Amino acid sequence: RSVRLSEYRPPDYLIDQVDLDVVLDGDKTLVTSVLEIRPNPEGRSNVPLVLDGDEITLAGPPLLDNDELTPEAYVETPQALRIHMPPKRAFSLKITTKLDPAKNTKLMGLYRSGAAYCTQCEAEGFRRITYFIDRPDVLSTYRVRIEAGRKEAPVLLSNGNPVEAGLLPNGRHYAVWDDPWPKPCYLFALVGGDLGVVRDSFVTVSGRHVGLAIYVEHGKEDRASYAMDALKRSMKWDEDVFGREYDLQVFNIVAVSDFNMGAMENKGLNVFNDKYVLASGDTATDGDYAGIEAVIAHEYFHNWTGNRITCRDWFQLCLKEGLTVFRDQEFTADMRSRPVERISDVRGLRAIQFVEDAGPFAHPVRPDTYREINNFYTATVYEKGAEVIRMLQALIGRDAFRLGMEFYFSRHDGRAATIEEFIACFADASATDLSQFLLWYSQAGTPEVAATSSWDEDTGTYTLNLLQTVPKTPGQDIKKPMVIPLAFGLLGMDGEDLPIGGDNAESGLIVLNKAEHSFAFRGLNSRPVLSINRTFSAPVKLTTDLTENDLFFLARYDSDPFNRWQALQTAALRVLIRSVHAVRGGNRPLNDPRLAEAFASAIADPEIDPALLAQLLALPSETDIAREIGNDVDPDAIYAARIGLKRALARFVRGALADLYRGLVNDGPYSPDARAAGRRALRATALDLICAEQDDASAMLAFAHYSAANNMTDRMSGLAVLSGIDRPERDQAFADFYKRHKGDALVLDKWLSLQAVIPEAGTLDRVRRLMKHEAFSMANPNRVRALIGAFAASNPTQFNRADGAGFDFLADIVIDLDPKNPQVAARLLGAFRSWRALEPGRRGRAEFALKRIAATDKLSPDVSDLVIRALA
Ligand code: ARG
Ligand code: ZN
């Protein structure tokens with residue numbers, strides 16, 4: 001069964017009001033729903049009413065306007081409740097379903113996590129709670145009464161404002177919540193449990209008082225303070241930057257330990273994977289803090305981009321996700337360092353989205369067909385979706401962009417919108433035709449831009465030729481030229497930005513909207529050096545005719561910090577790719593002294609901030625190299641080339657690295673602020689380079705770093721370096737870490753992950769052993785991702801073992817996990833996103849493993865959709 005965008009039809013019935021009564025009572029949990037339904041004037045008339053369901057059953061016959069329906073009037077299956085001839089006017093329908101939350105291992109709908117009942121409804125989980133028209137263009141107001149044992153669940157939460165609470169006989173109690181804002185059912189949430197709480201408050205720009213609360217496991221309250229701080233900063237930022245004010249009396253966040261994704265933006269009641277809430281200096285790294293800040297902001301920003309304005313259908317998912325990722329990236333850029341945020345976002349985009357876009361799972365930012373919507377919560381929808389918004393801003397300018405956002409908020413508030421409606425706001429705000437721009441939503445694949453140049457000494461004219469191609473992707477053989485905004489500059493002999501006059505190229509932005517175009521710059525004194533796609537203004541693959549000397553020049557002088565970083569990455573990638581060929585030909589890895597000099601001069605530059613320098617000194621990852629090579633990939637050769645180059649560079653700048661490492665030591669108390677984090681990141685990068693030899697001295701230094709750490713960030717950077725060094729100190733440190741953090745599942749996830757990514761032949765056996773360890777559980781998504789997900793996605797040499805054992809292992813896990821939690825099983829399959837790019841031996845073994853999964857009985861739609869696409 002496939003759903004197609006072109007087959008969209010408005011719903012035949014609307015539901016204006018939902019009254020839920022939820023009695024939380026273990027395996028006898030009862031949900032009674034009273035729906036105010038009416039025929040949709042825009043839908044078909046005289047058709048049956050079909051309510052969606054998923055693995056649920058009625059506790060008794062439904063009541064229509066208080067009268068029991070006769071058995072002939074309806075049919076019930078676990079997937080649907082169908083009422084053959086509903087009235088042609090407004091009516092009410094009362095439905096009761098009986099649930100067993102503890103048995104719900106899919107973690108969709110109402111389930112148990114630790115001491116709490118909780119819910120996850122996006123995308124189609126509400127139908128696992130009660131029969132409903134489960135689609136985002138059916139918007140209703142909700143009133144929710146929750147009843148539970150006072151001991152078992154002193155905390156009872158739902159969306160909206162609390163309106164009533166009270167005691168009941170037999171040690172029970174209840175609470176009533178009312179949400180005045182119409183919403184689709186995927187934004188419904190309910191929590192009941194015995195939880196600790198941290199409270200704070202926020203006064204909105206118009207002076208309204210909002211009670212803030214974060215609910216966590218008892219005893220973890222002190223780990224929620226950073227999340228609370230991030231929430232208040234998010235609320236303020238959205239007022240200042242987007243003019244968006246919060247709209248309820250309370251804003252609640254609940255952290256749970258069992259969660260399929262990162263977090264969920266349910267109206268007024270965000271439910272989080274506790275990994276994105278809980279942090280202390282001793283248990284969380286700087287990276288974890290940054291993740292918490294970003295996810296708290298992301299879910300909060302959804303209140304306007306997602307909740308007040310939602311999606312007409314699930315094809316429009318990027319309408320809320322791409323836009324909200326863009327907003328959270330801008331928030332982080334404002335809170336921390338803009339260039340460093342940009343570099344890390346682009347690293348992530350290339351590592352995951354570019355790879356996705358080049359393989360069997362490639363799909364447009366707005367897909368036009370799906371078998372299982374859960375498989376479309378992807379880097380393409382989220383991260384490329386955010387890039388598309390960023391390009392829109394670059395194309396029409398910041399002021400028109402802000403005006404377009406104002407149009408969007410005012411025109412579509414309270415409604416379910418489409419991408420076309422969203423883009424129309426910006427077309428109106430900028431008086432521009434954005435029809436070509438819409439191709440970014442419909443054409444999959446990463447556009448490739450080739451920039452070549454010529455120089456005419458006599459006339460002082462520099463001509464830039466740009467050529468774009470969009471590669472074929474599954475189901476899309478023919479592509480049209482896209483509109484590609486390329487921020488650029490021309491550097492003079494001293495590295496200064498030259499004034500840019502030339503045709504079509506004012507203000508440092510070239511808009512390439514044809515397959516091929518040339519731009520001439522006249523009146524120059526000498527051949528300039530081109531800096532193009534500054535700030536990564538377009539998510540494209542760029543090739544240029546810049547020489548390596550040009551690249552080193554840019555690395556030193558470019559006024560755009562992003563392109564300084566990019567120039568070094570490009571130069572290093574060129575060396576690495578030559579080196580991979582050398583290694584495969586039986587030669588030693590290559591090196592380039594100019595790269596080492598560039599490292600040395602970056603280290604010596606007093607102007608560079610530590611966080612940026614840490615990025616400059618980090619070589620392209622193995623995934624970066626594999627992606628650039630594109631086919632016939634040999635992960636072992638890539639590993640050898642990369643470690644070889646790292647060693648050579650480290651030897652060259654050894655003294656400077658040692659000084660850097662010593663100079664950055666900090667004995668003061670831990671603070672997660674961006675400046676301190678930047679210094680720790682740079683110190684960790686220095687340590688990693690110094691220890692590239694992986695010898696006795698490296699083991700000793702990394703162990704000393706680990707032992708001296710007074711915070712989790714430093715402890716983890718020591719342990720990460722040690723994990724690559726096969727020496728007794730490694731086992732000693734892993735044992736020590738376990739002893740220190742025994743019983744703290746979130747911290748032990750780091751311990752599992754680091755062991756899973758060791759690039760050694762023994763790792764698969766280690767992973768198998770760890771699966772039997774008390775720190776591991778197949779029932780918890782975080783544990784599965786920490787151990788198995790890390791092995792599959794972040795250990796290129798061992799997952800892609802030449803004997804195929806890594807693929808077989810993952811296939812076994814997916815087959816075993818699929819019946820219990822299909823979403824988590826399907827996510828693991830992402831590790832096959834570029835299996836066809838492998839060299840023939842490994843490719844054959846990957847295919848064999850995929851076919852074995854495909855041949856398994858009763859696969860979930862989640863897993864079967866992905867294996868079908870992987871093998872297509
Ligand atoms: N809307 C949530 C977020 O970004 C993601 C929820 C996805 N859940 C799922 N089961 N597919 O921010
Ligand atoms: Zn989101």
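Bear in mind the structure is a predicted one, so any value in this text is a computation, not a measurement.

Draft legend 1. Layout of the overall build of the protein chain. Looking only at helices and strands, the protein chain has 27 helices and 31 strands in total. The C-alpha atoms of the protein chain give 28 Å as radius of gyration, which agrees with the globular expectation for 872 residues (29 Å, within 12%). Dimensions of the protein chain, computed from the C-alpha atoms along their principal axes, are close to 90 × 65 × 60 Å. Buried positions account for 52% of the 872 residues belonging to the protein chain. Residue pairs at least 24 apart in sequence account for 70% of intrachain contacts in the protein chain once pairs closer than 6 positions are excluded.

Draft legend 2. Local environment of the packing of helix α4 (residues 338-357) against helix α5 (residues 379-396). Closest axis-to-axis distance for the α4/α5 pair is 10 Å, and the angle between their directions is 120°. With respect to each other, α4 and α5 are oriented oblique. Seen along the crossing, α4 lies across α5 with a hand that is left-handed. For the pair α4 and α5, contact is made by Gly-348, Leu-349, Ile-352, Gln-353, Glu-356 and Asp-357 and by Ala-379, Thr-380, Glu-383, Lys-384 and Glu-387, respectively.

Draft legend 3. The arrangement of the confidence of the model for the protein chain in detail. Averaged over all residues, the pLDDT of the protein chain is 97; the fraction at 70 or higher stands at 99%. In the predicted assembly, ipTM is 0.98 and pTM is 0.98.

Draft legend 4. Fine view of the nonpolar core. Core analysis: the biggest nonpolar cluster contains 268 residues, and Val-191, Val-254 and Val-277 have the highest contact counts within it. Ignoring any residue separated from it by four or fewer positions in sequence, one finds Val-191 in contact with Ala-116, Tyr-117, Cys-118, Val-155, Leu-157, Val-254, Leu-269 and Val-271.

Draft legend 5. Representation of the UniProt feature "domain: Aminopeptidase N-like N-terminal" (unreviewed entry) in the protein chain within the structure. Residues annotated in UniProt with the feature "domain: Aminopeptidase N-like N-terminal" (unreviewed entry) correspond here to residues 81-187. Between the first and last C-alpha atoms of residues 81-187 the distance is 21 Å; the span itself is 0% helix and 52% strand.

Draft legend 6. Representation of the UniProt feature "domain: Peptidase M1 alanyl aminopeptidase C-terminal" (unreviewed entry) in the protein chain within the structure. The positions UniProt marks with the feature "domain: Peptidase M1 alanyl aminopeptidase C-terminal" (unreviewed entry) are residues 549-872. Secondary structure across residues 549-872 divides into 70% helix and 0% strand, with the first and last C-alpha atoms of the span separated by 43 Å.

Draft legend 7. Just unusual backbone geometry, in detail. Cis geometry marks the peptide bond from Glu-122 to Ala-123, where omega comes out at 0°. Inspection of the secondary structure assignment puts Ala-123 in the loop between β11 (116-120) and β12 (140-149). Residues other than glycine seldom take positive phi values, yet Asp-65 does so here, at roughly 45°. Among the structural elements, Asp-65 can be located in the loop between β5 (63-64) and β6 (67-68). Phi at Ala-431 takes a positive value of approximately 50°, unusual for a residue other than glycine. Along the polypeptide, Ala-431 turns up in the loop between α7 (419-430) and α8 (439-442).

Draft legend 8. Molecular detail of helix α19 (residues 728-741). Taking 1.5 Å as the rise per residue, α19 with 14 residues should run 20 Å; its terminal C-alpha atoms sit 20 Å apart, in good agreement. Restricting attention to buried positions, one finds in α19 the residues Glu-729, Arg-730, Ala-733, Phe-737 and His-741. Looking straight down α19, one finds that the buried residues subtend no more than 100° of arc, so they occupy a single side. Among the exposed residues of α19, those oriented more than 90 degrees off its buried face are Pro-728, Asp-731, Ala-735 and Lys-739. For α19, the secondary structure elements touched by its buried residues are α17 (696-708), α18 (712-723) and α20 (745-756). Gly-743 occupies a position one or two residues after α19 and carries a positive phi of about 90°.

Draft legend 9. Structural context of the sheet that holds strand β21 (residues 269-273). Ordered by their spatial adjacency, five strands build an open sheet running β17-β18-β19-β21-β20, and the pairing between neighbours is mixed. Since the sheet does not close on itself, it has two edges, and those belong to β17 (196-203) and β20 (263-264), each with one partner. In the sheet, strand β18 (residues 209-216) pairs with strand β19 (residues 250-256) via five bridges, with the strands oriented parallel. Looking across to β19, one finds that Gly-211 is bridged to Val-250. Strand contacts of helix α1 (residues 225-242): β17 and β18, with the helix running at about 20° to β17, the strand carrying the most contacts.

Draft legend 10. Broad picture of helix α6 (residues 398-412). With 15 residues, α6 should cover 21 Å at 1.5 Å per step; its first-to-last C-alpha distance of 21 Å lies within 8% of that length. Buried residues of α6: Phe-401, Gly-404, Met-405 and Tyr-408, and no others. Down the axis, α6 shows its buried residues gathered within 100° of arc, on one side only. The exposed set on the far side of α6, more than 90 degrees from its buried face, consists of Asp-399 and Ser-410. The secondary structure elements touched by the buried residues of α6 are α1, α5 and α7. In the segment just after α6, Gly-414 is the residue with positive phi, at about 80°.

Draft legend 11. Representation of the sheet that holds strand β28 (residues 509-512) within the structure. The sheet built from three strands is open, its strands ordered β28-β27-β30 with antiparallel pairing. Of all strands in the sheet, those bounded by a partner on one side alone are β28 and β30 (529-532). Geometrically, the sheet is characterised by an average inter-axis angle of 35° between neighbouring strands, direction not taken into account. Pairing analysis gives four bridges linking strand β27 (residues 484-491) to β28, with the strands arranged antiparallel. Residue pairing for β28: Pro-485 is matched across the bridge by Val-511.

Draft legend 12. Structural view of the site of ligand 1. Lining the immediate surroundings of ligand 1 are Glu-122, Ala-123, Asn-260, Met-261, Ala-263, Met-264, Glu-265, His-298, Glu-321, Asn-374, Tyr-377 and Gln-823. The class makeup of the residues in the shell around ligand 1 is five nonpolar, four polar and three charged.

Draft legend 13. Broad picture of the environment of Glu-516. By the secondary structure assignment, Glu-516 is in strand β29 (residues 516-521). Overall, Glu-516 belongs to the exposed group, with 12 C-beta atoms counted inside 10 Å. Linking Glu-516 and Tyr-462, residues 54 residues apart in sequence, is a C-alpha distance of 17 Å. Not counting chain neighbours up to four residues away, the residues in contact with Glu-516 comprise Leu-466 and Leu-467.

Draft legend 14. Broad picture of the pairing of strand β3 (residues 29-39). The alternating pattern of β3 places Thr-29, Val-31, Ser-33, Leu-35, Ile-37 and Pro-39 on a buried face and Leu-30, Thr-32, Val-34, Glu-36 and Arg-38 on a face that is not buried. Connecting strand β2 (residues 13-23) to the next strand, β3, in antiparallel fashion are five residues, including Gly-26 with a positive phi near 55°. Where β3 meets strand β9 (residues 91-99), nine bridges bridge the pair, whose relative direction is antiparallel. Following the sheet pairing, Glu-36 is matched in β9 by Ser-92.

Draft legend 15. Up close: the packing of α6 against α7. Contact pair α6 / α7: the axes reach a minimum separation of 8 Å and the direction vectors enclose 130°. When the interaxial angle is binned, α6 and α7 end up oblique. Helix-helix and strand crossings are classified by hand; for α6 and α7 the assignment is right-handed. Residues Ala-400, Phe-401, Leu-403, Gly-404, Phe-407, Tyr-408, Arg-411 and His-412 of α6 lie in contact with α7, whose contacting residues are Glu-421, Phe-422, Cys-425, Phe-426, Asp-428, Ala-429 and Ser-430. Tallied by class, the residues present in the contact of α6 with α7 amount to nine nonpolar, three polar and three charged.

Draft legend 16. Representation of the environment of Phe-832 within the structure. Mapped onto the fold, Phe-832 is located in the loop between α25 (822-828) and α26 (840-854). With 27 C-beta atoms counted inside 10 Å, the residue Phe-832 sits in the buried group. Distance from Phe-832 to Phe-807, taken between C-alpha atoms, is 8.8 Å for residues 25 residues apart in sequence. Not counting chain neighbours up to four residues away, the residues in contact with Phe-832 comprise Ala-846, Leu-850 and Ala-870.

Rules used throughout
- Residues numbered from 1 in each chain as written.
- Chains lettered and ligands numbered in written order.
- Predicted model: local features only at pLDDT ≥ 70, side-chain atom pairs only at ≥ 80, totals over all residues.
- Helix = DSSP H or I, 4+ residues; strand = E, 2+ residues; numbered from the N terminus.
- Rg over C-alpha atoms; globule rule 2.2 N^0.38 Å.
- Buried ≥ 20, exposed ≤ 12 C-beta atoms within 10 Å, placed from the backbone.
- Contact = placed C-beta atoms within 7 Å.
- Axes fitted to C-alpha atoms, helices over the stretch in contact; angles between N-to-C directions.
- Parallel < 35°, antiparallel > 145°, perpendicular 65-115°, else oblique.
- Left-handed = near helix turned anticlockwise from the far one by under 90°.
- pLDDT = per-residue confidence, 0-100.
- Core = buried A, V, L, I, M, F, W, Y, C linked by C-beta atoms within 7 Å.
- UniProt positions renumbered as here; feature names shortened; annotations may be inferred.
- Expected span 1.5 Å × (residues − 1).
- Arc of directions from axis to C-beta.
- Pairing = 2+ DSSP bridges.
- Near = placed C-beta within 6 Å.
- Nonpolar A, V, L, I, M, F, W, Y, C, P; charged D, E, K, R; others polar.

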